[in-house]
Structures are given as structure tokens and as C-alpha cells.
Amino acid sequence: MATTTASGATGPKLNHIGLPVIEYRGGKSTLCAGCGHNAISERIIDAMFEMGVQPERVMKMSGIGCSSKSPAYFMSRSFSFNSVHGRMPSVTTGAMLANHTMTALGVSGDGDTASIGIGQFVHLMRRNLPMIYIIEDNGVYGLTKGQFSATADIGSKLKTGVINELPPIDTCALAIQLGATFVGRSFSGDKKQLLAMLKAAIAHKGTVMLDVISPCVTFNDHEGSTKSYKYMLAHEEPLHEVGFVPSFQEIDVDYDPGTTLEVKMHDGSKLRLRKLERDYDPTDKVQAVSRLMESHAKGEVLTGVFYINPNAPSFVDMLNLTDEPLASLPESVTRPSREVLAKCMAELQ
Ligand SMILES: Cc1ncc(C[n+]2csc(CCOP(=O)(O)OP(=O)(O)O)c2C)c(N)n1
Ligand code: SF4
Ligand SMILES: [Mg+2]
């Protein structure tokens with residue numbers, strides 16, 4: 001979109017730190033045309049641009065899979081680390097402890113997270129590390145030609161006719177139970193909801209876990225799949241309409257507190273959830289998990305922000321880290337003196 005400057009010249013629309021959206025773009029995608037993961041990359045670009053995040057202050061982290069290739073397709077100016085399969089959580093934990101002033105954005109797949117990476121995932125969720133963890137969830141290992149992953153629904157069918165007989169892991173229910181402080185599910189085809197959730201995720205200080213259903217058009221978009229576009233269009237059940245007002249935005253739209261629940265984020269932003277279900281309280285963990293289980297039983301795919309706690313201490317707070325990131329402290333400060341090392345050795349003898 002173009003804007004007119006004071007001198008009358010037209011130029012691209014700039015965000016509040018003065019950057020055009022092109023500065024948030026990445027390389028050309030090599031994923032299949034129509035892959036849900038491409039739509040998620042587009043929403044990440046929009047959210048980072050609209051929130052005015054400095055690209056050089058972002059670390060893009062991933063594992064292995066088509067989903068984990070996605071960070072190459074947005075925010076080329078940011079830092080990026082493509083880790084080993086299922087090991088993005090530990091690499092991100094180390095990177096954030098070295099420099100907690102960065103924004104960590106992790107992109108993973110359902111295989112990378114819920115199959116090979118489940119051990120690392122569960123421990124990450126316990127820690128409330130400040131990071132956004134996105135699962136691009138298509139129910140299959142897309143990169144290795146479409147085997148079922150651990151999020152595939154019981155009874156869903158592969159193209160070859162093979163039926164999945166194992167129950168799925170609900171990564172949202174798991175994350176809520178383990179301690180993540182912002183947990184939601186969205187759909188790559190639901191532009192408005194996903195964008196609002198990503199913007200709120202950027203404002204949150206703690207672990208955000210977003211499971212985004214992201215159809216694999218090549219291996220899991222057929223009749224009998226429960227992660228196809230057609231299935232999602234018929235079964236998505238939004239819990240509320242998600243709106244977000246960033247802290248720097250003065251203009252406030254009127255809203256009715258009777259029908260809208262407002263959650264204040266730590267930076268002063270507001271997450272607004274317009275109630276579609278009368279009594280849903282996203283600060284109640286027990287209700288969140290039981291509502292998820294209920295929706296599974298009915299064959300619905302519930303979307304929205306299931307659980308949020310904007311006030312819980314993060315892993316960085318708990319460790320009482322120095323304000324100055326460890327990565328930029330001089331060696332004279334971080335390296336223990338000879339005397340201290342000698343004392344440690346003496347204690348071990
Ligand atoms: C240690 C290891 N085991 C297995 C593989 C093979 N492998 C590559 S990607 C992948 C699964 C990816 O699935 P998912 O995370 O769901 O990503 P998608 O491709 O569906 O986006 C597997 C099993 C690997 N690269 N490394
Ligand atoms: S194989 Fe599936 S997941 Fe991988 S890029 Fe193609 S559509 Fe996307
Ligand atoms: Mg997958």
C-alpha cells in the first residue's frame with residue numbers, strides 16, 4: 001500500500017519504526033504452491049511489520065521439516081538458526097539465556113515437535129522461556145513424503161488408504177498443563193484470527209505456544225484427512241473473535257465489556273476476546289483443557305486463545321539474569337578469577 005508524503009511524493013506505507021513491509025520479507029518460498037506453511041509466513045511478516053519489531057532484534061529458530069524451512073521465507077534481516085530435528089527448544093533456550101533482549105520466534109512442525117522432539121518440547125513448556133513457538137501442524141511428515149505424525153487424528157486416512165489407529169497428542173492441552181502462559185490454536189486459512197494471535201504473541205512475555213493447522217496439499221489434503229482445507233472449513237469452531245490493540249496505538253475502538261473480555265498484556269497492549277461462548281474464561285486452565293477434550297469428542301477443531309497468564313514470571317526472571325545480556329558482557333566480568341576457580345577445585349577435593 002502506498003502513502004503520500006508531505007512533499008506530495010508517494011511511497012510505501014511505513015510502520016511505526018519507519019520500515020516498509022518489504023524489509024520483513026524473506027527469500028522466495030520453495031515449498032509447494034498452496035502449502036499452509038506459506039500462508040503462516042505471510043502472517044508472520046504482517047504481524048512483525050504491524051508491531052514495528054526491529055528485524056535485527058529477532059532470532060528465527062527451527063528444527064527440520066518443510067515447516068522448519070519456513071524461516072528462510074520471511075525476515076531476511078533477522079538472525080536464523082536451523083537446528084537438528086526436534087532440538088529447536090534447547091538451542092533456543094541457550095540462545096535466549098545468552099541474549100534475553102532478543103525476540104525468539106521458533107517455527108516447528110508436528111513431527112519436529114510431537115514425534116522426535118516431544119522430550120524437548122515438554123521441558124520447554126515447563127520453563128516459560130520468553131519465546132513464540134509455532135507448530136505448523138499438518139498431521140504428517142511432509143518433508144519425508146507424508147507418514148502420520150503424532151498429531152494425526154485417530155481414524156484419519158493417508159492417501160495410500162492406511163488408517164491411523166493411535167490417538168493424537170493435543171499439543172495445546174499438553175502445553176497448558178505443563179505451564180506455557182499463552183496457548184492457542186489457529187488455522188493457516190483464517191487470516192484475521194491468526195494475525196491477531198501473532199501480534200498478541202509478540203507482546204507476551206513468556207512462552208507462547210500456537211498450534212496452527214496448516215494443510216499439506218501434497219500429502220494430506222484428501223478425503224479422509226482431518227487436516228485438509230475442506231475439513232477445516234467444515235469443522236473449525238472459533239471460541240471467540242480475537243482482536244489486539246498494541247500499546248503504541250492511541251485510537252481505541254469502542255467495545256462492549258459485556259460481550260468482550262479484555263486481557264492487559266505486560267507492555268500495556270490489550271488482547272480482546274469477543275465472546276462467542278458466554279462463560280469461557282481463558283485464565284482458567286482446567287476449563288481450557290476440559291473444553292479442548294469436549295471439542296475433540298465432538299469432532300470439532302476448536303480455535304482461539306485457550307489459555308493466557310500475562311503476569312507469570314518468565315524463565316529469565318526466575319534465573320535473575322543480568323540486564324546486560326551475557327553475550328555482550330566482557331570476559332573480565334564473566335570469567336571467574338583464578339582464586340574463585342581454585343576455591344571451587346578445593347571444594348571438590
Ligand atoms: C534425526 C532425524 N531423524 C529423521 C529425520 C527425517 N525427517 C526429516 S523431516 C521429518 C519430519 C518432518 O515432519 P514435520 O515436523 O511435521 O514437518 P513438515 O515437513 O510436515 O512441515 C523427518 C522424520 C531427520 N532429518 N533427522
Ligand atoms: S510436502 Fe506438504 S508440507 Fe511440504 S511443502 Fe509440500 S505441501 Fe507443504
Ligand atoms: Mg508436519
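Residues numbered from 1 in each chain as written. Chains lettered and ligands numbered in written order. Predicted model: local features only at pLDDT ≥ 70, side-chain atom pairs only at ≥ 80, totals over all residues. Heavy atoms only, no water.

1. Quick word on the overall build of the protein chain
Point 1. Looking only at helices and strands, one finds 12 helices and 15 strands in the protein chain.
Point 2. The C-alpha radius of gyration computed for the protein chain amounts to 21 Å, which stays within 12% of the reference 20 Å derived for 349 residues, consistent with globular compactness.
Point 3. For the protein chain, the spread of C-alpha atoms along the three principal axes comes to 70 × 65 × 45 Å.
Point 4. Expressed as a percentage of the 349 residues in the protein chain, the buried residues total 49%.
Point 5. Contacts spanning at least 24 positions in sequence make up 69% of the contacts within the protein chain whose residues lie at least 6 apart.
Point 6. In the form shown here, the protein chain has an accessible surface area of approximately 16,600 Å², with 57% of it arising from carbon and sulfur atoms.
Point 7. Computed over 33 positive and 37 negative side-chain charges, the inter-centroid distance for the protein chain is 4 Å. (Helix = DSSP H or I, 4+ residues; strand = E, 2+ residues; numbered from the N terminus. Rg over C-alpha atoms; globule rule 2.2 N^0.38 Å. Buried < 20%, exposed > 50% of the residue type's maximum accessible area, 1.4 Å probe, protein only. Contact = heavy atoms within 4.5 Å. Areas by Shrake-Rupley, 256 points an atom, 1.4 Å probe, with all protein chains shown as cover. Lys, Arg positive; Asp, Glu negative; His and termini not counted. Charge placed at Lys NZ, Arg CZ, Asp CG, Glu CD.)

2. Some words on the sheet that holds strand 11 (residues 236–238)
Point 1. Read across the sheet, eight strands follow the order 4-3-5-6-10-9-15-11 without closing on themselves; strand pairing throughout is mixed. Each having just a single partner strand, strand 4 (79–82) and strand 11 make up the two edges of the open sheet. Geometrically, the sheet is characterised by an average inter-axis angle of 20 degrees between neighbouring strands, direction not taken into account.
Point 2. Where strand 3 (residues 58–62) lies against strand 4, four bridges are found, and the strand directions are parallel. Its bridge partner being in strand 4, Met-59 is matched across the sheet by Phe-79.
Point 3. Docked against the sheet, helix 6 (residues 171–178) engages strand 6 (131–137), strand 9 (182–187), strand 10 (207–213) and strand 15 (301–308), running at close to 170 degrees with respect to strand 9.
Point 4. Relative to strand 15, helix 9 (residues 285–298) is tilted by about 170 degrees, and along the sheet it contacts strand 9 and strand 15. (Pairing = 2+ DSSP bridges. Axes fitted to C-alpha atoms, helices over the stretch in contact; angles between N-to-C directions.)

3. Remarks on the site of ligand 2
Point 1. The local shell around ligand 2 consists of Leu-31, Cys-32, Cys-35, His-37, Cys-66, Asn-138, Gly-142, Cys-216, Val-217, Thr-218 and Phe-219.
Point 2. Classifying every residue of the shell around ligand 2 by side-chain character gives seven nonpolar, four polar and no charged. (Near = heavy atom within 4 Å. Nonpolar A, V, L, I, M, F, W, Y, C, P; charged D, E, K, R; others polar.)

4. Quick notes on the site of ligand 1
Point 1. Within the structure, ligand 1 sits among 17 residues, and Cys-66, Ser-67, Gly-111, Asp-112 and Gly-142 are positioned closest to it.
Point 2. Between ligand 1 and Asp-110 there is a distance of 2.9 Å, counted from an oxygen atom to a side-chain nitrogen or oxygen.
Point 3. Taken by itself ligand 1 offers 590 Å² of open surface, and the protein chains cover 74% of this.
Point 4. For the shell around ligand 1, the secondary structure elements donating two or more residues are helix 2 (66–69), helix 4 (110–115) and strand 7 (140–141).
Point 5. With three residues, the top contributor of residues to the shell around ligand 1 is helix 4. (Polar contact = N/O pair within 3.5 Å; in protein donor to acceptor, adjacent residues only side chain to side chain.)

5. Quick word on the coordination of the magnesium ion (ligand 3)
Octahedral metals with six donors have ideal donor angles of 90 or 180 degrees. Tetrahedral metals with four donors have an ideal donor angle of 109.5 degrees.
Point 1. Protein coordination at the magnesium ion (ligand 3) comes from Asp-110 (OD), Asn-138 (OD1) and Val-140 (O), with a distance range of 2.1 to 2.2 Å.
Point 2. One chain supplies every donor for the magnesium ion (ligand 3), spaced along it as D-x27-N-x1-V. With respect to burial, Asn-138 and Val-140 carry one shared label: buried. (Donors = N, O, S within 2.8 Å, 3.2 Å for Na, K, Ca; no water.)

6. Some remarks on the confidence of the model for the protein chain
Regions with low pLDDT carry predicted coordinates that are not meant to be interpreted in detail.
Point 1. Here the protein chain shows a mean pLDDT of 95. Residues at 70 or above account for 97%.
Point 2. Per-element mean pLDDT across the protein chain ranges from 56 in strand 1 (residues 2–4) up to 99 in strand 6. (pLDDT = per-residue confidence, 0-100.)

7. Some words on the packing of helix 3 (residues 88–98) against helix 5 (residues 118–127)
Point 1. Running from amino to carboxyl end, helix 3 crosses helix 5 at an angle of 40 degrees, the nearest separation of the two axes being 8 Å. As the angle between them shows, helix 3 and helix 5 are arranged oblique. Residue-level inspection shows Met-88, Pro-89, Ser-90 and Thr-93 of helix 3 in contact with helix 5, the latter providing Gln-120, Phe-121 and Leu-124.
Point 2. Classifying every residue of the contact of helix 3 with helix 5 by side-chain character gives four nonpolar, three polar and no charged. (Parallel < 35°, antiparallel > 145°, perpendicular 65-115°, else oblique.)

8. Here's the deal with the side chain of Arg-291
Point 1. For Arg-291, the position within the fold is in helix 9.
Point 2. Among the residues examined, Arg-291 registers a relative accessible area of 9% and is labelled buried.
Point 3. Those residues in contact with Arg-291, other than ones at most four positions away along the chain, are Leu-239, Glu-277, Tyr-280, Glu-300 and Leu-302.

9. A few points about the nonpolar core
Point 1. Of all hydrophobic cores here, the largest spans 38 residues; its most connected members are Ile-44, Met-48 and Leu-271.
Point 2. Elements supplying a minimum of two residues to this core: helix 1 (36–51), strand 5 (103–109), strand 6, helix 7 (191–203), strand 10, strand 12 (240–245), strand 14 (270–275) and strand 15.
Point 3. For this core, the element with the most residues is helix 7, which contributes nine residues.
Point 4. What Leu-271 contacts, discounting residues up to four positions off in sequence, is Ala-200, Val-242, Gly-243, Phe-244, Leu-261, Glu-262, Val-263, Met-265, Val-305 and Ile-308.
Point 5. Formed by 28 residues, the second largest nonpolar core is a distinct cluster that contains Met-61, Met-96, Tyr-133 and Ala-180. (Core = buried A, V, L, I, M, F, W, Y, C linked by side-chain atoms within 4.5 Å.)

10. What about the packing of helix 1 against helix 7?
For any two helices packed against each other, one specifies the inter-axial angle together with the distance between the axes.
Point 1. Remark: helix 1 packs on helix 7, axes separated minimally by 9 Å, with the N-to-C direction vectors making an angle of 50 degrees. In terms of axis orientation, helix 1 runs oblique to helix 7. The element helix 1 and its partner helix 7 pack so that their crossing is right-handed. Counted together, Ile-40, Arg-43, Ile-44, Asp-46, Ala-47, Met-48, Glu-50 and Met-51 of helix 1 and Lys-191, Leu-194, Leu-195, Leu-198, Lys-199, Ile-202 and Ala-203 of helix 7 form the full contact between these two elements.
Point 2. By residue class, the composition of the contact of helix 1 with helix 7 is 10 nonpolar, no polar and five charged. (Left-handed = near helix turned anticlockwise from the far one by under 90°.)

11. A few points about the environment of Cys-172
Point 1. By secondary structure assignment, the location of Cys-172 is in helix 6.
Point 2. With a relative accessible area of 0%, Cys-172 lands in the buried category.
Point 3. Sequence separation of Cys-172 and Gly-184 is 12 residues, and the distance between their C-alpha atoms is 6.6 Å.
Point 4. If near-sequence neighbours (up to four positions away) are discounted, Cys-172 is found in contact with Val-183, Gly-184, Arg-185, Met-209, Asp-211, Leu-292 and Phe-306.

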